[in-house]
Amino acid sequence: MVKYGKILLASLVVGSSTAFAPSQPRVYRSALYMSDEAPPAPPAAAPPAAKTTAIVPINEETVEFTAGLLGGVVGFAVGGPVVGALAAAAANYASKTDAEVGEILSAVSKTSIEIFNYVSKLDSKYEVLDKAKV
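Residues numbered from 1 in each chain as written. Predicted model: local features only at pLDDT ≥ 70, side-chain atom pairs only at ≥ 80, totals over all residues. Heavy atoms only, no water.

Draft legend 1. Summary view of unusual backbone geometry. Even without being glycine, Glu127 reaches a positive phi, approximately 50°. Structurally, the position occupied by Glu127 is in the loop between helix H4 (100-126) and helix H5 (128-132). (Helix = DSSP H or I, 4+ residues; strand = E, 2+ residues; numbered from the N terminus.)

Listed below in structure tokens is the structure:
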């Protein structure tokens, strides 16, 4: 009975680990054309893209998300993961209201997004993160 248990356990481990293995690459085949039709011209090679920064647009959706994120961080720092989740939900809800608390949270969220955008621009200009990776 022990041998069967070990075999079953080994097959379950191997079976679950194959879920993370890469699948076989797909083979793409070209389309067939009639003798009178010419294949379309290949697209021109695009010039290499310039290095861009990840700038976050300041709109209603990102402000509400940032309010929830900041509320979650503060709640997590004060009382752990449960308080963090509750604070994130409360801050997200409060940022959607027209009350004074919502206006304050929206202003703080906009300011934090602007700070993030500014730091992203500085990083793209001076490449601080690339130098710090070495």
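Draft legend 2. Fine view of helix H2 (residues 60-79). The end-to-end C-alpha distance of H2 is 28 Å, a good match for the 28 Å that 20 residues give at a rise of 1.5 Å each. What H2 keeps buried is the set Thr62, Val63, Glu64, Thr66, Ala67, Gly68, Gly71, Gly72 and Gly75. Where H2 is buried, its residues touch helix H3 (81-96) and H4. Note on H2: the residue one or two positions beyond its end, Gly80, has a positive phi of about 100°. (Expected span 1.5 Å × (residues − 1). Buried < 20%, exposed > 50% of the residue type's maximum accessible area, 1.4 Å probe, protein only. Contact = heavy atoms within 4.5 Å.)

Draft legend 3. Quick peek at the side chain of Ser106. Considering the arrangement of structural elements, one finds Ser106 in helix H4. With near-sequence residues (within four places) excluded, Ser106 lies in contact with Val63 and Ser95.

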